[in-house]
Structure formats: C-alpha cells, structure tokens
Amino acid sequence: MSGQEHPALTSVTEDSANTRADERSSPRGPVPGPVTGGADRDRAANTRPGTGSSPKRPVPGPVTGGAVNGGPDRDGSRGRGIVDPATGRVLTRVPDTDGPGVADAVARADTAFRTVWADTSPARRAGLLRELAGLLREDRDHLAALERGNAGKPTARAGAEVAFAADVVDWFAAAARYPVGETHPAAPGLRTYTDRVPVGVCAAICPNNYPLLLAVWKIAAALAYGNTVVVKPAPETPLSVRRLVESAARVLPPGVLSAVYGGAETGRLLCEHADVAMVSFTGSTAAGREVARRCGDGLKPVSLELGGKSPVVVFRDADLDAAARAVVAGFTGNTGQMCVAGTRLIVDRAVHEEFVARVAELAGALCVGPPEDPRTDLGPLISRAAADRAAEAVKEAAERGARVILPPGRREVRHRLDGGFYAHPVIVDGAPFDTRAWREELFAPVLSVAAFDTDAQALDLAHDTAYGLSASVWTGDADRAEHFGRALRAGMVWVNTWGDTEETVSVSGMGQSGYGRELGIHAVEGYTRPRAVWVAHRTGR
C-alpha cells in the first residue's frame, strides 16, 4: 500500500480488525456474529472451563491452485505473510494482486457475465449452486482447519461456520428460482411488466472475523441472481476463501467467481474499476465511508455492513439466568470479534450487583486457549495490535474509576500463551461514557456495564451510540417487550434471546452501521435492478 493511501480505507482493507471505532472502527461481521442458524447446525463453541495449554500446532503449508496474479506463492518466499494468530508465526505468504491482475480478474468476470452467466437459466444456476454447497460440505474438515490456523477459530466453531456457509449456498440456490416482478394493467395489444436484472460484475470485499462465511453470504446471493463475482478476502485471512474459489472452479464456468488478494490498494482498484457494477463491503464504518465515496464517483451502488456497539438491556423481571448466559455469549463469542457483539450491558439497578456477578462467574469459567484444543472457548484475537488495543481500553477505564473484573487468578487482559494474540474476557463496570470501553467497537471480549433506574433511562443508554446494528432486551413484561421491540433503533432486535441468525432472514444495520441487506429475500434488492418493460404485440394499436 502506498504512503498516500487514505487511512480510513486502510483500516479495513489493510487491517480490518485493528482500528478504533467511530474514527477507525473494527469490521462488521453481519451478523456475522453468532452462528446460531439452524437447529441441526453444530455448536459454534465449547463451554468447558480451564485455561488451555498448547500442544504442538500443525502449520498448514502453502495453498495450491491457480489464481489471479497474487495467489499464494508455491515456495512461500514472497508476498504478504499470513500469520497464525495463536502463535504469531507465518503460515505462508500471499502476494498482493497488482493493478493488471485486478483488471484481468474484472475483465474475465465481465466476459463471463455477458457471454455465459447472465443468460444461464435460473434452474441451471440453482443446480450449480447446489453442487457448490455439496463441495463445501465435502471439504468441511479442510476448510475448518484453514479457519482454525488462519483466523484462530476453535475447531467446533470453524466447523459450524462451514456448515452455515453451505446452508446459505443451498438457500440462494432455491432463491434463484423465486418469482420476481409484476404484470401491470395495459391497453389492448400492449403488455407491461416489471422484472429484475442482474447488475453485472460484483466486488465482494470481506473482513477477517468470518473469512469464509461472510464471503459466502455475498457470493451466493450475487451468483444466484445472475451476477459474476470478484472476491477480495481480508489480507490477514485469505486461505479459506482461496480454497472456496478453487472448489468453485470445479462446477462454475470460468470467470464467474475469482479472487484477488491484498489490502487497501486492492480494494481501491476494485471500487474504482469502471466494469465493477456493484460493491458489497463488510468492514469498519470509517472504511465503509471511503468505499462509498470511491464508488460514488462512478455512481455504482454499494452494500455496507459496518460496525456496531450493541446494547443488551436487562430488566429485573427477566429470566436472569438465561439473560446472563446470553450476555456472556454476546460479548465473548468468536472471542468478541463480532459486529453484533453485545458489548454494552445496560442492567436494572435493582439487580445490577447480582447480575454482574452471574455474568462474571460464567465468563470466568470460559477456556482461553489454542484453537485445536477441544476445551477452548475463546481462541486468539486476529493480531497483537487487537489484543493490545483491548488492554489499553480497559486500562483507561480503570484509571477513570471503572471496576474491572477479570477471571479468577488473572491480573491482566492479555493472556500470554505461545506468542499468540490472546485476551481474557473482562467486564468493565461503571466506565465513564466518554471512554473507549463504552463508546468504541473494540472487537475483543470486553463488556461495559451501566445501571439504569427507569425505562426511559434504559432506552437512552441503549441509544447512546452512533451505531445501529443490533440490540437485545430481556424482560418478563409483555408490554415492555413490545415497547422496546419497537423503540430500539437497530437493524436486528432480539427480545428475550440473542444472536439468532438464519439464512432465510435478511439483516442489515441502521445509522453508522451501514445499509443494504444480506441473506433472505431482500438480498435480491442489492444484486439486481428493477426495470419497466412495455411490449407492443399488435401493430397500429
């Protein structure tokens, strides 16, 4: 990346989880967040207590297969170092895709769109996507191993995410054949209708917290509706997406799906390329603004899945045991690296001490350790900078008078293990509202707590953020549940639950959390354009 590159774009496409919120916030990860969709899906994390030890970790070798300029190097001797966050060691190297390489990928995608894919019948596209879903399931163990080594995900969570990704592809295979459009009343001899047409080449720019899953959310929707895709994984976590693209080449026509690699400069080239018709971006709010600006110069549409600092509001009449379990899942899931993470607990003062103690007990029992250890609940953060940033935010809050609660026997946020980027779950109770712990998306297992006395005060505290991605409220009062369900300004609202995500339900954010829809029936709106058609079938009418 050049020294002149805009720092906001750098914050996501160059290091998409290592920057400060509002000014340089961390990536979203629609929900990417919890993986709870589907009753048959594997559990996303274990819950056994302990501190974790580190047996010898198998280090994956370079990924093989053809690529646009910038694929993994055969001998690992050049390119960007891809780091195992559990050890800090380099797994392999992936050269950045240069300008000609990006142009070549887009040109091939454009040719495939115009000559093959847009005219492929929905039934045929659906069949090919079902084949791709099958390949994902067959390759589950390998993909999960790549996510474990490259993104630091515990084994059970990584496997669950691959399963979810395959379910998403299956759902969009079916959606490819859903009816769209309307027929309008017209004069005799004239037929008038609206339909939807694919936009063309779509660029999918993805974050590092859910490398495979969030790429699939974008890819499956775009392909289902007749678009071609050039995907750019986060520079830290390209390996599972690389494997996905290689697998897809076995079933999709050439050029329909390809990958480019790199950081801010690669993302800029995609946003500004004249033949990229639409950009779908998941990342920080600051970088999302820069993506929108660059795409705005070409008047191309953008879907933005951005940051969050989500509230969980707990009333005294709630099921406090269930709420405590949800709060812990909400701030520690995926080691806190979730766009929808519930990192602000707003709790009724009447049960404040009791409830915080419950949350602290549950969080303190979680195992922080290496991803391949079956006891592990929380793996490493994506980088040393991410772990340091969390520790600095907690220290600032403590210096400003907040009460900091760490797991029993722990004296610092960082967990020193094998050179990895680990952090313990930590609760920050009573932090001033202008501190980073309360206001910024830290992308780490840090929970900030505030107490309230009235319903109005609870709602004000919930809305004390520029974000609007998700919110949760816990209460046994049906009227209050209805009121807060309507009043909370967030794109996803959970009442007496948290984190539910299904491929059939469209999700998005409000405010500084972005716009555009992922998953579900409304995804069609981003990847197609409606048009009006008049057909005269009687001359001289």
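For the structure given in this document, a descriptive report is provided here. (Residues numbered from 1 in each chain as written. Predicted model: local features only at pLDDT ≥ 70, side-chain atom pairs only at ≥ 80, totals over all residues. Heavy atoms only, no water.)

Below, the discussion takes up the overall build of the protein chain. A tally of regular secondary structure across the protein chain gives 16 helices and 22 strands. The burial tally for the protein chain puts 61% of its 541 residues in the buried class. Contacts spanning at least 24 positions in sequence make up 77% of the contacts within the protein chain whose residues lie at least 6 apart. (Helix = DSSP H or I, 4+ residues; strand = E, 2+ residues; numbered from the N terminus. Buried < 20%, exposed > 50% of the residue type's maximum accessible area, 1.4 Å probe, protein only. Contact = heavy atoms within 4.5 Å.)

This part is about empty space enclosed by the protein. As enumerated under the stated definition, the model contains four cavities of 30 Å³ or more in all. Forming the walls of the largest cavity are Gly 308, Lys 309, Gly 336, Met 338, Ala 341, Thr 343, Glu 441, Leu 442, Phe 443, Ala 444 and Val 446. When grouped by side-chain class, the residues that make up the lining of the largest cavity number six nonpolar, three polar and two charged. (1 Å grid on protein atoms, 1.4 Å probe; cavity = no way out; pocket = protein on both sides within 12 Å on 5 of 7 lines; lining within 4 Å. Points joined across faces, edges and corners; volume = space filled by probe spheres on them. Nonpolar A, V, L, I, M, F, W, Y, C, P; charged D, E, K, R; others polar.)

The subject of this paragraph is the packing of aromatic side chains. Counted under the stated rule, the structure contains eight aromatic pairs. Centroid distance Phe 164 to Trp 217: 6.1 Å. Interplanar angle 70 degrees. Geometry classified as edge-to-face. Within this pair, whereas Phe 164 is found in helix H5 (residues 155–175), its partner Trp 217 is found in helix H6 (residues 211–224), the two being separated by 53 residues in sequence. Just as Phe 164 is buried, Trp 217 falls in that class too. Consider the rings of Trp 171 and Phe 172, whose centres lie 5.1 Å apart with planes at 90 degrees: the pair is edge-to-face. Through a chain of ring-to-ring contacts, three or more aromatic side chains come together here, namely Trp 171, Phe 172, Tyr 178 and Tyr 225. Taking the ring centre of Tyr 210 as reference, the NZ or CZ of Lys 153 above it sits at 4.1 Å. (Phe/Tyr/Trp six-rings, centres within 6.5 Å; stacked < 30°, edge-to-face > 60°. Lys NZ or Arg CZ within 6 Å of the ring centre and 35° of its normal.)

Another point: the packing of H5 against H6. Put simply, H5 and H6 touch, their axes get as near as 9 Å, and they point 10 degrees apart. Taken together, the axis directions place H5 and H6 in an arrangement best described as roughly parallel. Contacts between H5 and H6 involve Glu 161, Val 162, Phe 164, Ala 165, Val 168, Val 169 and Phe 172 from the first element and Leu 212, Leu 213, Val 216, Trp 217, Ala 220, Ala 221 and Ala 224 from the second. For the contact of H5 with H6, the per-class residue count stands at 13 nonpolar, no polar and one charged. (Axes fitted to C-alpha atoms, helices over the stretch in contact; angles between N-to-C directions. Parallel < 35°, antiparallel > 145°, perpendicular 65-115°, else oblique.)

Turning next to helix H10 (residues 320–332). The terminal C-alpha atoms of H10, which comprises 13 residues, lie 18 Å apart, in line with the 18 Å expected from a rise of 1.5 Å per residue. Burial runs high along H10: ten of the 13 residues are buried. Listed in full, the buried residues belonging to H10 are Leu 320, Ala 322, Ala 323, Ala 324, Ala 326, Val 327, Val 328, Gly 330, Phe 331 and Thr 332. Buried residues along H10 sit in contact with strand E10 (311–314), strand E11 (344–348), helix H11 (352–364), strand E15 (426–429), strand E16 (446–452) and strand E18 (470–474). (Expected span 1.5 Å × (residues − 1).)

Assignment of secondary structure puts Asp 429 in strand E15. Non-local contacts of Asp 429, meaning those with residues more than four positions away in its chain, are made with His 352, Ala 402, Arg 403 and Val 449.

So, on to the sheet that holds strand E4 (residues 190–198). Sheet strands line up and pair through hydrogen bonds in the backbone, either parallel or antiparallel. Ordered by their spatial adjacency, three strands build an open sheet running E3-E4-E22, and the pairing between neighbours is antiparallel. The sheet is open, and its two edges are formed by strand E3 (182–184) and strand E22 (528–536), each paired on a single side. In this sheet, adjacent strand axes meet at a mean angle of 25 degrees when their direction is disregarded. As defined by bridge partners, E3 adjoins E4 across three bridges and the pair is classed as antiparallel. Bridge assignment links Glu 182 to a residue of E4, and that residue is Thr 194. (Pairing = 2+ DSSP bridges.)

Further remarks concern the layout of surface pockets. What the second largest pocket holds in volume is close to 280 Å³. Taken together, 17 residues line the second largest pocket, and the ones lying closest to its centre are Pro 122, Arg 125, Val 180, Arg 196 and Tyr 225. Of all the elements in the fold, those that place two or more residues in the lining of the second largest pocket are helix H3 (122–138), E4 and E22. For the lining of the second largest pocket, the element with the highest residue contribution is E4, accounting for four residues. Taken together, the residues that form the lining of the second largest pocket break down as eleven nonpolar, two polar and four charged.

Turning to its location among the elements, Gly 255 is positioned in the loop between helix H7 (239–248) and strand E7 (257–259). Taking C-alpha positions, Gly 255 is 8.7 Å from Val 230, a pair spaced 25 residues apart along the chain. Look past the residues within four positions of Gly 255 in its chain and what remains in contact with it is Arg 108, Ala 109, Ala 112 and Thr 228.

With that settled, the discussion passes to the sheet that holds strand E9 (residues 302–305). Sheet architecture is open: six strands sit in the order E7-E6-E5-E8-E9-E21, paired in mixed fashion. Bordering the open sheet on either side are E7 and strand E21 (514–515), each of which pairs with just one other strand. For strand E5 (residues 201–205) and strand E8 (residues 276–282), the ladder comprises five bridges, and the chain directions are parallel. By the bridge assignment, Cys 202 is partnered in E8 with Met 278. Relative to strand E6 (residues 228–232), helix H2 (residues 99–117) is tilted by about 155 degrees, and along the sheet it contacts E5, E6, E7 and E8. Packing against the sheet, H6 makes contact with E5, E6, E7 and E8, and its axis sits at approximately 165 degrees to E6.

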